[in-house]
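# Structural description and commentary
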Amino acid sequence: MDSVVIVGSGPSAVHFALSVLQKGYRVTMLDVGYSKPPAVNPGDNFVALKENLADPVRYFLGERFEGVVLPNPEKEFYGIPPSKDYVLRHPGGFTFDARGFAPFFSFAQGGIAEAWTGGCYPFNAAEITDFPFDYAELERAYAEVAARIGVIGAPDDLARFFPLHENLLEPLELDVHSALLMSEYEKRKAWLNRRLRCYFGRTRIATLSRDLGARKKCSYLGRCLWGCPTDSFYTPSITLRECLAFPHFTYQPGLRVTHFEFDGAQRVISIVAEPAAGGAPQAFSADRFALAAGALNSTKIYLESIFRSTGERVALGGLMDNRQILMPFVNLRMIGKPCNPESYQYHQLGMGIESDDPRGYVHGQITTLKTAMLHPIAANLPCDLRTAAFLVHNMHAALGIVNVNLHDTRRQGNFVSLAEETGAKDSRLIINYAPENGEVHRLRAAISTVRRALLHLGCIVPPGMLHVRPMGASVHYAGTLPMSRAKGRHTTSETCQSHEFPNLFIVDGATFPFLPAKNITFSLMANAVRVASRAF
Amino acid sequence: MMPADAARLRRECEVFCRYLIGRAPGAYILEKYCEAHERSAEYSSPAAFDRVLLSFASRGPSFARLADSYACLFARYSSLRRKLILLFSILESASAQHGFSDAVDGSGQPVLFVKIVFRGVLFALRLALACVLFLPLRLVLGGSPPAARRGH
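Assigned secondary structure in chain B consists of six helices and zero strands. Reading chain B from its N end, one meets helices and strands in the order α-α-α-α-α-α. Taken along its principal axes, the extent of the C-alpha atoms in chain B is 50 × 40 × 35 Å. Counting across all 152 residues of chain B, residues that qualify as buried make up 48%. A fraction of 73% describes how many contacts in chain B between residues 6 or more apart in sequence connect residues 24 or more apart. Roughly 7,200 Å² of accessible area belongs to chain B as shown, and the carbon and sulfur atoms make up 63% of that amount.

As a further point, take the sheet that holds strand E2 (residues 26-30) of chain A. All names here are of chain A. Strand order in the open sheet formed by five strands is E7-E2-E1-E11-E22, with parallel pairing between adjacent strands. Among the strands making up the open sheet, the edge pair consists of strand E7 (249-252) and strand E22 (504-506). Here the average twist between neighbouring strands, direction ignored, is 15°.

A few words now on the state of the cysteines. All names here are of chain A. If you walk through the whole model with that rule in mind, you get zero disulfides over all chains. Cys224 forms no disulfide, and the closest cysteine sulfur to it belongs to Cys218, at a distance of 6.0 Å. By relative accessible area, Cys224 is classed as buried at 11%. In this model Cys243 remains outside any disulfide bridge; the closest cysteine sulfur is found in Cys120, 17 Å from its own.

Moving on: unusual backbone geometry. The residue Asp231 of chain A is not glycine, and still its phi comes out positive at about 65°. With respect to the helices and strands, the residue Asp231 of chain A is situated in the loop between strand E6 (198-202) and helix H6 (236-244).

Attention now moves to H6 of chain A. Within H6 of chain A the residues assigned to the buried category are Pro236, Ser237, Ile238, Thr239, Leu240 and Cys243 of chain A. On its buried face, H6 of chain A sits against helix H1 (11-22), E2 and E7 of chain A.

Counting 80 residues, the largest nonpolar core has Leu385 of chain A together with Phe16, Leu53, Leu80 and Leu87 of chain B as the members making the most contacts within it. Those residues in contact with Leu385 of chain A that sit more than four places away from it in its chain are Ala378 and Ala379 of chain A together with Tyr19, Leu20, Asp68, Arg81, Leu84, Ile85 and Phe88 of chain B. Core analysis: the second largest hydrophobic core is formed by 67 residues, Val20, Val145, Ile205 and Phe514 of chain A among them.

So, on to the pattern of salt bridges. Residues and elements named next belong to chain A. Applying the stated criterion across every chain, the model contains 42 salt bridges over all chains. Between Lys518 and Glu127 there is a salt bridge, with its nearest N and O atoms 2.7 Å apart. Of this pair, Lys518 sits in the loop between strand E23 (514-515) and helix H11 (521-535) while Glu127 sits in the loop between strand E3 (96-99) and helix H4 (135-149), placing them 391 residues apart in sequence. The pair Lys518 / Glu127 is uniform in exposure class, with both members buried.

Bringing the layout of surface pockets into the picture now. All names here are of chain A. What the largest pocket holds in volume is close to 540 Å³. Along the walls of the largest pocket sit 28 residues, with Val330, Leu381, Pro382, Pro462 and Met465 positioned nearest its centre. Broken down by class, the residue content of the lining of the largest pocket amounts to 23 nonpolar, three polar and two charged. Here the lining of the second largest pocket is composed, by residue class, of twelve nonpolar, three polar and seven charged.

We now examine the packing of aromatic side chains. To describe a pair of aromatic rings, you give the distance between the ring centres and the angle between the ring planes. The full count for this structure, using the stated rule, is 37 aromatic pairs over all chains. Ring geometry for Phe101 of chain A against Tyr477 of chain A: centres 5.3 Å apart, planes inclined by 55°, an arrangement best described as tilted. Note that Phe101 of chain A is positioned in the loop between E3 and H4 and Tyr477 of chain A in the loop between strand E21 (467-468) and E22, a separation of 376 residues in sequence. Note on Tyr70 of chain B and Phe74 of chain B: the rings are 5.3 Å apart at their centroids and 45° apart in plane angle, and the pair reads as tilted. Highlighted residues: Tyr70 of chain B and Phe74 of chain B, both in helix H4 (residues 61-74), separated by four residues, approximately one helical turn. We classify Tyr70 of chain B as buried; its relative accessible area is 0%. Aromatic rings pair up to connect Phe49, Phe56, Phe63, Tyr70, Phe74 and Phe134 of chain B into one cluster. Its end group placed over the ring of Tyr34 of chain A, Arg89 of chain A keeps NZ or CZ at 3.9 Å from the ring centre. Across the ring face of Phe536 of chain A, the terminal group of Arg288 of chain A is positioned such that the distance to the ring centre comes to 4.3 Å.

Rolled over the atoms, a probe sized like a water molecule indicates the empty space that remains. Residue and element names in this part refer to chain A. Following the criterion strictly, the structure yields four cavities of 30 Å³ or more and no others. Of the pockets and cavities examined, the second largest cavity occupies roughly 110 Å³. Taken together, 15 residues form the lining of the second largest cavity, with Cys218, Tyr220, Leu221, Cys224 and Cys228 sitting closest to its centre. When grouped by side-chain class, the residues that make up the lining of the second largest cavity number eight nonpolar, six polar and one charged.

Let us now look at the packing of H4 of chain B against helix H5 (residues 79-93) of chain B. Residue and element names in this part refer to chain B. Running from amino to carboxyl end, H4 crosses H5 at an angle of 105°, the nearest separation of the two axes being 9 Å. The orientation of H4 relative to H5 falls into the category roughly perpendicular. Contact with H4, carried on its side by Ala67, Asp68, Ala71 and Cys72, involves Leu80, Arg81 and Leu84 of H5 and no other residues of that element. For the contact of H4 with H5, the class distribution of residues is five nonpolar, no polar and two charged.

What follows concerns the interface of chain A and chain B. In this assembly, 52 residues from chain A lie in contact with 49 residues from chain B. With both sides pooled, the region where chain A packs onto chain B buries about 4,500 Å², and carbon together with sulfur makes up 61% of that total. If you look at where chain A meets chain B, you find three salt bridges. Across the salt bridge formed by Asp384 of chain A and Arg126 of chain B, the nearest N and O atoms sit 2.9 Å from each other. At the boundary of chain A and chain B, one finds 19 residue pairs in polar contact (both at pLDDT 80 or more). Where the side of chain A that touches chain B is concerned, the elements lending two or more residues are helix H2 (46-52), helix H3 (56-61), helix H8 (375-380) and helix H9 (385-395) of chain A. For the side of chain A that touches chain B, the per-class residue count stands at 32 nonpolar, eight polar and twelve charged.

Thresholds, definitions, all that
Residues numbered from 1 in each chain as written. Chains lettered and ligands numbered in written order. Predicted model: local features only at pLDDT ≥ 70, side-chain atom pairs only at ≥ 80, totals over all residues. Heavy atoms only, no water. Helix = DSSP H or I, 4+ residues; strand = E, 2+ residues; numbered from the N terminus. Buried < 20%, exposed > 50% of the residue type's maximum accessible area, 1.4 Å probe, protein only. Contact = heavy atoms within 4.5 Å. Areas by Shrake-Rupley, 256 points an atom, 1.4 Å probe, with all protein chains shown as cover. Pairing = 2+ DSSP bridges. Axes fitted to C-alpha atoms, helices over the stretch in contact; angles between N-to-C directions. Disulfide = S-S within 2.5 Å. Core = buried A, V, L, I, M, F, W, Y, C linked by side-chain atoms within 4.5 Å. Salt bridge = Lys/Arg side-chain N within 4 Å of Asp/Glu carboxyl O. 1 Å grid on protein atoms, 1.4 Å probe; cavity = no way out; pocket = protein on both sides within 12 Å on 5 of 7 lines; lining within 4 Å. Points joined across faces, edges and corners; volume = space filled by probe spheres on them. Nonpolar A, V, L, I, M, F, W, Y, C, P; charged D, E, K, R; others polar. Phe/Tyr/Trp six-rings, centres within 6.5 Å; stacked < 30°, edge-to-face > 60°. Lys NZ or Arg CZ within 6 Å of the ring centre and 35° of its normal. Parallel < 35°, antiparallel > 145°, perpendicular 65-115°, else oblique. Buried area = accessible area lost by both parts, 1.4 Å probe. Polar contact = N/O pair within 3.5 Å; in protein donor to acceptor, adjacent residues only side chain to side chain.

This is the structure:
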């Protein structure tokens, strides 16, 4: 039985692991693996949680009140809730410097996708023209992942941007606000489609509208933001649990991989990991190795390995991420209406803006606010807090936010490398990013179109509330070790096999040669399944 | 925490709670407000103007509202504003019995719009008065430093 060592436990890692386990490989997964705390009062809905918990403030705001969003110049409305703090915890010894980029790293069991919002948007054929394989391969993998995790969706106007694939589940019930937006869209779609090239529809989300194995369908507890207590909402740790049922799977948490060692023929011999709590490094041997720790972490391991063996400090260009714009809005027809917290909380609607170049598609996710904290919004209103409290409570049901995503391309000036310093046990990661020329024009055009589309549906974007998030905020990192038909230096094959190290596979976003304006996670899982199917 | 500090914080919380929700805080809210001050240095400020603003606001709910009318536009990072936002977040995290009532104004949209306009006019008047009081003081004492980025 061939053996594989996999680094990381995020969406790419667990789906790659499950696929190769099903093929009979012996798999060892190395991971820092900070784990999720047990769900509190799993049967309670959002309101009951406030009533029944002995200390609800501690749950919602955290032990150190880190969930309080104080006024900040960056205008971030929301952070990771305290119940998901473990997702962004860092082990000692991991350091980085970033210019023009605000990166997030996760060392959690399940990776950063333990705190994702569930968007499952398949890339289409036009968006993978730089990828060295056909769309049909990816389509099969999307269907496979959808069957594993449960993805809801509908064949509506957005299907022109997100191809339909097999195993889609029927959508969840819409909340009142989202239903109103959809009905207004149906009345005005001719104008929106023709004049703005703007389309609305149901989003594709990794949650269950019917039972799937041991997981129960969504029961509308309204606790999505704080962590679904019933596993109806998918996170990669669910697939990790499936992997653990295989007798030839070994999960080794508590280890941070620093580098791999290779021989004169460039074959990787072992992966070296340090205990996250401190201690002597350990080496793990196998026939094949897979880096799936997230694009930046995998890149760091790759760079560190070359540096330790050869002394060469390589800079890998092409780093990408989706620029995001947060556009809060008020639906005038919903003002004064009661707000029902017992509903699905993340985006249920999406919007797509067509472009002459299909790769220039702009994607928006529309979240109607029901159980999100109101104090960040109240604090940003230009009035005293008592007046703000009156306004937000009476406008609660009318509030929404569009998260607008723009595509990104590989540019050599956006690179990842290691710091030139001596004495450090482990090198500091350097990240450098600058937006492409003309980004301001693209941002303005997208903002203007979204604003006009919302206005047409009876919604206004309050002045001063719009926020262009810093690069790095979307956590859709890609492009540093791209798949390529040509055998260039520091590239990978169509099966994500390193062109430098023949028994090394890079199974995460690092290998994507283009980043469409879509949440990348579903494509990461599908690509991992595709690689396991083609190369193993 | 020194007993004098605890007493000051409890008094502050009582005033701010009356300002925000129109009633005195329960024991649980008082406890959480004091606990936040013990666990984080975010709510104190060495700036002289911040201290004056806070001291003025702590005199009573009407004073708090007047000071907040100024702070919401011209002292957004002041300790007063931070304390009020902290209390707002505590009230919204607690059950309806302790914190905000989530009920909406049931008078219908036209009446609600009139109420919003009326509140807007009152705010503008309070703001004008607050500017007369605080702008000269700020010019003399200096402002609040902008907040450092809070990372997660």
